[in-house]
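# Per-entry structural report
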Amino acid sequence: SLTVNNLEQKSFDLYRMSTINLAHAYLLNKKLIEASQLYNNEILKKDFGEDWDNMNIKEILTKDFDDFISKKLITEKEIILFRKTYLKY
């Protein structure tokens, strides 16, 4: 059943996923500083809820980045360099 806290968590998670998706758009368009500012945003530090398997930001990005690499949207080398240079985790 839906509770106020549960609904608030779902809304907050949707907002945070929107932030990640915008960061993905910047990353794939080679706007690395803009992407990193969003990926490193404090609101993404808290684990996500049940709808996202209680994953943390690092797990979500690893999954998404692997997907981008498999679809040849970006190379593994570019992701490794981006993570080392721009991400806090």
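Because the structure is predicted, anything quoted here is derived from the model rather than measured.

## As for the side chain of D13
Examined against the element boundaries, D13 turns out to sit in helix α1 (residues 4–28). Engagement of the side chain of D13 in a polar contact is seen with the side chain of R16, the distance being 2.7 Å. Apart from residues no more than four positions distant in its own chain, D13 is found in contact with F48, G49 and W52.

## Things to note about the nonpolar core
One finds I20, L27, Y39, L61, F65 and F82 to be the most contacted residues of the largest nonpolar core, which totals 19 residues. Looking at this core, the elements that each hand over two or more residues are α1, α2 (32–39), α3 (57–70) and α4 (76–86). Top element by residues in this core is α3. It accounts for five residues. Sequence-distant contacts of L61, defined by excluding residues within four places in its chain, comprise I20, H24, Y39, R83, L87 and Y89.

## Some remarks on α2
All of the buried residues in α2 are A35, S36, L38 and Y39. In an axial view of α2, the angular spread of the buried residues amounts to 165 degrees, which keeps them on one side of the axis.

## Comments concerning the pattern of salt bridges
Overall, the coordinates contain five salt bridges when judged by the stated rule. Note that D67 is salt-bridged to K71, the shortest N-O span being 3.3 Å. Since its relative accessible area comes to 53%, K71 is described here as exposed.

Procedures and definitions
- Residues numbered from 1 in each chain as written.
- Predicted model: local features only at pLDDT ≥ 70, side-chain atom pairs only at ≥ 80, totals over all residues.
- Heavy atoms only, no water.
- Helix = DSSP H or I, 4+ residues; strand = E, 2+ residues; numbered from the N terminus.
- Polar contact = N/O pair within 3.5 Å; in protein donor to acceptor, adjacent residues only side chain to side chain.
- Contact = heavy atoms within 4.5 Å.
- Core = buried A, V, L, I, M, F, W, Y, C linked by side-chain atoms within 4.5 Å.
- Buried < 20%, exposed > 50% of the residue type's maximum accessible area, 1.4 Å probe, protein only.
- Arc of directions from axis to C-beta.
- Salt bridge = Lys/Arg side-chain N within 4 Å of Asp/Glu carboxyl O.

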